[in-house]
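Chain by chain, the residues run as shown.
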Amino acid sequence: MVVSCAFGEKTKGVTYDARSMIVNGERQLLFSGSIHYPRMPAEMWPDIIRKAKEGGLNLIQTYVFWNIHEPVQGQFNFEGNNDVVKFIKTIGEQGLYVTLRIGPYIEAEWNQGGFPYWLREVPNITFRSYNEPFIHHMKKYSEMVIGLMKKEKLFAPQGGPIIMAQIENEYNNVQLAYRDNGKKYVKWAANMATSLYNGVPWIMCKQKDAPPHIISTCNGRHCGDTFTGPNGPNKPSLWTENWTAQYRTFGDPPSQRAAEDIAFSVARFFAKNGTLTNYYMYYGGTNYGRTSSSFVTTRYYDEAPLDEFGLYREPKWSHLRDLHRALRLSRRALLWGTPTVQRINQDLEITIYEKSGSDCAAFLTNNHTTNPATIKFRGKEYYLPEKSISILPDCKTVVYNTRTIVSLHNSRNFIASEKAKNLKWEMYQEKVPTINDLSLKNKVPLELYSLTKDTSDYAWYSTSLTLDRHDLPMRPDILPVLQIASMGHALVAFVNGEYVGFGHGNNIEKSFVFQKPILLKPGTNTISILAETVGFPNSGAYMEKRFAGPRGVTIQGLMDGTLDITQNNWGHETYFDAPESNNPVALKMDRMQKGMMWVNGKSLGRYWSSFLNPLGQPTQYEYHIPRAFLKPTNNLLVIFEETGGHPETIEVQTVNRDTICSIITEYHPPHVKSWERSGTDFVAVVEDLKSGAHLTCPDNKIIEKVEFASYGNPDGACGNLFNGNCSSANSLKIAEQHCLGKNTCKIPIEREVYDEPSKDPCPNMFKTLAVQMKCGNKK
């Protein structure tokens, strides 16, 4: 696994052992983030990568998306947003490494798990199995991708940034479904990958039976406790997916994962011999067009350290940045020291990494979820908040605690644009077709996936039936009922050109039964259905055998009983091309229903504001418009609305994070930037080793207003802070004195700054300082 130069020159290449990855002869602590090139315009790549590097990352992980590169068999697209070579080079230009997950199955909440539609129609194919048609096409695609990387000299032994590659993805989840062909497939995939290129290590995530030459890795939220380790004595412990929140499907409530929880899980993993963590996602971006899998929202992993708009989500971004610094300060001990663990009780433990008495780092852990504790370590007592880990890079000094956030907080604001208001709408209503208007005829409704062939979400189904007045109910208070059994995902029904209703499934149960009363007349009646998919499935066994669309249509309540019109002869047609035109900001769509959006011919993806979550709210109603999609003037916005809405309420907004906060206690350690390594020495770089509130406005803006300040026991979150039952009357004045008019400021947290001892309103309580500032442009 090592490519060496002549004796005496620096080793070039990548290898590993049980301790760590070794890149160009050097052991590495790797802090990685998933960033996907098609989930943002290419114009955003450099800025997002720069922000990831500022966050302490030295590695970027990306999939290679087969279905965007080979949408038609044999026709390849590596242009624009699909230019994976340019993306990798952009990462390398900023001095970061790359993990390339070629799949070809990627899951990723991406349409059909990354497989192109045409693969589904290959005769006798079974995806992800030792199946001759599948392994033929998988190898052919893998050869193309690896060949392209080698041609562009992108692997580390060639001087490029790629230090690791992945074949398959979480195959253990489905392996049993394929029996012996599953076992054979794992071995075949591993051997195929290494035969194509063996200059960098290959990994398989969540693959307990990974072959000896493949590293098995962990995915999940708490791999420090759930990962049993790689399946071999000479493989390092790697964490390829640390979920920073959770992707959302339409109908889901909001997703949350606290910065403190992520930090605890990472510190725990590194305390247990881990040397690589990858945040999935570090920047989620947007599922533009029709790229998301079944029911997945257009916004992807907005709760990541960088939000959908590419803005810093605080404190998640900077709390993790500080964690990376604390671990790097411990680097020598972690990579060369011998670990020992001292368990004090079921909740408290001390992990020490020490090398011959010269390098020493310690992790002090409190696993109790509600109770703080004190640990005595080497003659000194250390306070540990509940569910937290303190990192001591010299086995003496606490430079970081996973729960005590000393970094910035912020809140996102959506503000109606002044320049882009007063939208002028021109509205057109599509004609509801009859069977005579549709060219494709069949006795029964055709299966929807194979009808649309992944070129559209929509297809028309129409049939007609002739009734006389004796077929219809005689009583005026009784109406026939149209019942449609659908395999998913949604449909709009019309009778004689009139809207009847809308029905849909969900991510858990995609099939549903639509039932609505209808008005029929003597003579010819037309039943028309606009059937809809919301993405192809992306996971599970036998994906190629999933189906969608109407499968049974009946009319109930006629005088002769129920009439089954499933085999009544149906006309079909796939639905509309994307509007023409050429080229962040957000579009507020809270009072629309369901459909698709384009700006200057660029698809913004699907919206579905009428699908409410258990809180009675849309899962998503703001949609990202990248600046790269916009012209200075005369931008054309096109909305396809399926079931009716209020376009006059659509609003173009600007997005910022100009509300900044700090929430800090007396027992918070000083900022981790207060120390550094100088050779083998661990030294302070500031004279005043005291904690305090550090605030910085984004984009060189200044603090124009202190919106909240309380020194006492305030509570809440940034954007919603409130006083407790104790607060110094001088809190606001102190904050204004230190911060107004500045881009960056520090507010002390010493009691004497706020009140004389005799005037302290709550002398016997641990104090918290919470402040909220509004940033603005310099006047």
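Predicted model, so just to flag it, every value in this text is computed and none were measured. (Residues numbered from 1 in each chain as written. Predicted model: local features only at pLDDT ≥ 70, side-chain atom pairs only at ≥ 80, totals over all residues. Heavy atoms only, no water.)

Chemist: Could you give an account of the overall build of the chain, naming the residues involved and the relevant values?
Modeler: Secondary structure summary: the chain contains 13 helices and 44 strands in total. Taken against the 2.2 N^0.38 rule, which gives 28 Å for 779 residues, the C-alpha radius of gyration of the chain at 30 Å falls within 12% of a compact globule. Expressed along its principal axes, the backbone C-alpha trace of the chain runs to roughly 95 × 70 × 55 Å. The 779 residues of the chain split such that 58% are buried. (Helix = DSSP H or I, 4+ residues; strand = E, 2+ residues; numbered from the N terminus. Rg over C-alpha atoms; globule rule 2.2 N^0.38 Å. Buried < 20%, exposed > 50% of the residue type's maximum accessible area, 1.4 Å probe, protein only.)

Chemist: A description of the environment of Ala361 should follow, citing residues and the corresponding values.
Modeler: Along the chain, Ala361 falls in strand E15 (residues 359–366). The exposure class assigned to Ala361 is buried, which follows from its relative accessible area of 1%. Spatially, the C-alpha atoms of Ala361 and Cys395 are 4.9 Å apart, while their sequence positions differ by 34 residues. Beyond its immediate chain neighbours, meaning those up to four positions away, Ala361 contacts Ser330, Ala333, Thr351, Ile352, Tyr353, Leu392, Pro393 and Cys395. (Contact = heavy atoms within 4.5 Å.)

Chemist: Which residues make up the UniProt feature "domain: SUEL-type lectin" (unreviewed entry) in the chain, and what are the values?
Modeler: The UniProt record annotates "domain: SUEL-type lectin" (unreviewed entry) at residues 687–776. For residues 687–776, the helix share is 14%, the strand share is 40%, and the end-to-end C-alpha distance is 32 Å. (UniProt positions renumbered as here; feature names shortened; annotations may be inferred.)

Chemist: Give me the lowdown on a nonpolar patch on the surface, citing residues and values where you can.
Modeler: Taken together, the side chains of Val683, Val685, Val686 and Leu689 make up a nonpolar region of the molecular surface, amounting to roughly 260 Å² of accessible area. Tracing the backbone shows Leu689 in the loop between strand E38 (681–684) and strand E39 (692–696). (Patch = residues over 30% accessible without salt bridge, like charges linked within 9 Å, V, L, I, M, F, W, Y side chains within 5 Å. Areas by Shrake-Rupley, 256 points an atom, 1.4 Å probe, with all protein chains shown as cover. Salt bridge = Lys/Arg side-chain N within 4 Å of Asp/Glu carboxyl O.)

Chemist: Please provide a residue-by-residue account of the pattern of salt bridges, values included.
Modeler: As enumerated under the stated definition, the model contains 38 salt bridges in all. The partner of Asp47 in a salt bridge is Lys51, with the nearest N and O atoms 3.2 Å apart. Note that Asp47 and Lys51 are positioned in helix H1 (residues 45–54) at a spacing of four residues, about one turn of the helix. Classification of Lys51 by relative accessible area gives buried; the value is 9%.

Chemist: Describe unusual backbone geometry, with residues and values.
Modeler: Across the junction of Tyr280 and Met281, the peptide omega takes the value -5 degrees, indicating a cis bond. A cis geometry characterises the amide bond from Gly488 onward to His489, with omega recorded as 0 degrees. Summarising the element assignment, His489 is placed in the loop between strand E23 (481–486) and strand E24 (490–495). In the Ramachandran plot, Ala108 falls in the positive-phi region, its phi being about 60 degrees despite a non-glycine side chain. The backbone of Lys206 sits at a positive phi, close to 50 degrees, despite the residue not being glycine.

Chemist: Can you tell me about the packing of aromatic side chains, naming the residues and giving the values?
Modeler: Throughout the structure, instances matching the rule amount to 44 aromatic pairs. Clustering of aromatic rings is evident, with ring pairs tying together Trp66, Tyr105, Phe115, Trp118, Phe127, Phe134, Tyr141, Tyr171, Tyr178, Tyr185, Trp188 and Tyr542. The side chain of Arg39 reaches across the aromatic face of Tyr300, ending 3.7 Å from its centre. Here Lys51 stacks its cationic end above the ring of Tyr312, 5.1 Å away from the centre of that ring. (Phe/Tyr/Trp six-rings, centres within 6.5 Å; stacked < 30°, edge-to-face > 60°. Lys NZ or Arg CZ within 6 Å of the ring centre and 35° of its normal.)

Chemist: Describe the side chain of Asp755, and please don't skip the residues or the numbers.
Modeler: Mapped onto the secondary structure, Asp755 falls in the loop between helix H13 (751–754) and strand E44 (768–776). Despite its burial, Asp755 pairs with no opposite charge; the closest candidate is Lys767, at 5.6 Å N-O. Of note is the side chain of Asp755, whose polar atom sits 3.5 Å from the side chain of Asn730. Not counting chain neighbours up to four residues away, the residues in contact with Asp755 comprise Ser728, Asn730, Asp760 and Pro761. (Lys, Arg positive; Asp, Glu negative; His and termini not counted. Polar contact = N/O pair within 3.5 Å; in protein donor to acceptor, adjacent residues only side chain to side chain.)

Chemist: For the packing of helix H5 (residues 132–151) against helix H6 (residues 179–196), give the residues involved together with the corresponding values.
Modeler: Interhelical geometry of H5 versus H6 gives an angle of 25 degrees and a closest axis separation of 10 Å. Comparing the axis directions of H5 and H6 gives the class roughly parallel. At the point where H5 passes H6, the crossing takes the right-handed sense. Contacts from Phe134, Ile135, Met138, Lys139, Ser142, Glu143, Ile146 and Lys150 in H5 reach Tyr185, Trp188, Ala189, Met192 and Leu196 in H6. Among the residues making up the contact of H5 with H6, the classes are represented as nine nonpolar, one polar and three charged. (Axes fitted to C-alpha atoms, helices over the stretch in contact; angles between N-to-C directions. Parallel < 35°, antiparallel > 145°, perpendicular 65-115°, else oblique. Left-handed = near helix turned anticlockwise from the far one by under 90°. Nonpolar A, V, L, I, M, F, W, Y, C, P; charged D, E, K, R; others polar.)

Chemist: Go over the state of the cysteines, please, and point to the residues and values.
Modeler: Any covalent bond linking the sulfur atoms of two cysteines counts as a disulfide. The full count for this structure, using the stated rule, is six disulfides. Sulfur-sulfur distance for the disulfide between Cys661 and Cys718 comes to 2.0 Å. Here Cys661 and Cys718 share a disulfide; its torsion about the S-S bond, 75 degrees, makes the bridge right-handed. Of the two residues, Cys661 is situated in strand E36 (residues 651–665) and Cys718 in the loop between strand E41 (715–717) and strand E42 (720–722); the sequence distance between them amounts to 57 residues. Each member of the pair Cys661 and Cys718 is classed as buried. Sequence-ordered numbering of the bonded cysteines in the chain yields a pairing of 1-2, 3-4, 5-7, 6-12, 8-11, 9-10. Residue Cys205 stays outside any disulfide, its sulfur separated by 9.5 Å from that of Cys218, the closest cysteine. Residue Cys205 is classed as buried on the basis of its relative accessible area, which comes to 1%. (Disulfide = S-S within 2.5 Å.)

Chemist: Describe the confidence of the model for the chain, and please don't skip the residues or the numbers.
Modeler: Summary statistics for the chain give a mean pLDDT of 93 and a share of 97% for residues scoring 70 or more. Note on residues 1–9: pLDDT is under 50 here. Beyond four places in sequence and across chains, it has 18 contacts. Ignoring residues within four places in sequence, the model shows residues 575–583, a span with pLDDT below 50, making 27 contacts including any to other chains. (pLDDT = per-residue confidence, 0-100.)

Chemist: Let's hear about helix H3 (residues 84–93): which residues, and what values?
Modeler: Within an α-helix, residues lying three or four positions from one another point in the same direction, as the helix has 3.6 residues per turn. Taken as a whole, H3 has its buried residues at Val84, Val85, Phe87, Ile88, Thr90 and Ile91. Just downstream of H3, Gly95 is the residue with a positive phi angle, here 80 degrees.

Chemist: Go over the sheet that holds E23 with me, naming the residues and quoting the values.
Modeler: Read from one edge to the other, the open sheet built from four strands follows the order E26-E23-E28-E29, with strand pairing classed as antiparallel. The sheet terminates laterally at strand E26 (512–517) and strand E29 (561–564), the two strands that pair on one side only. Across the sheet, the mean angle from the axis of one strand to that of its neighbour is 20 degrees, orientation sign disregarded. As defined by bridge partners, strand E28 (residues 550–558) adjoins E29 across three bridges and the pair is classed as antiparallel. Bridge pairing in E29 places Thr554 opposite Asp564. (Pairing = 2+ DSSP bridges.)

Chemist: Lay out the sheet that holds strand E19 (residues 400–401) in plain terms, naming residues and giving numbers.
Modeler: Either a parallel or an antiparallel arrangement is found when strands of a sheet pair, and the pairing is made through backbone hydrogen bonds. Pairing is antiparallel across the open sheet formed by five strands, whose spatial order is E13-E14-E15-E18-E19. At either margin of the open sheet sits one strand with a lone partner, and together these are strand E13 (338–343) and E19. Two elements, E13 and strand E14 (residues 348–355), share six bridges in a ladder whose sense is antiparallel. What sits directly across from Val341, in E14, is Thr351. Taken strand by strand, helix H8 (residues 259–271) contacts E14, E15, strand E18 (388–392) and E19, and its axis lies near 135 degrees from that of E15.

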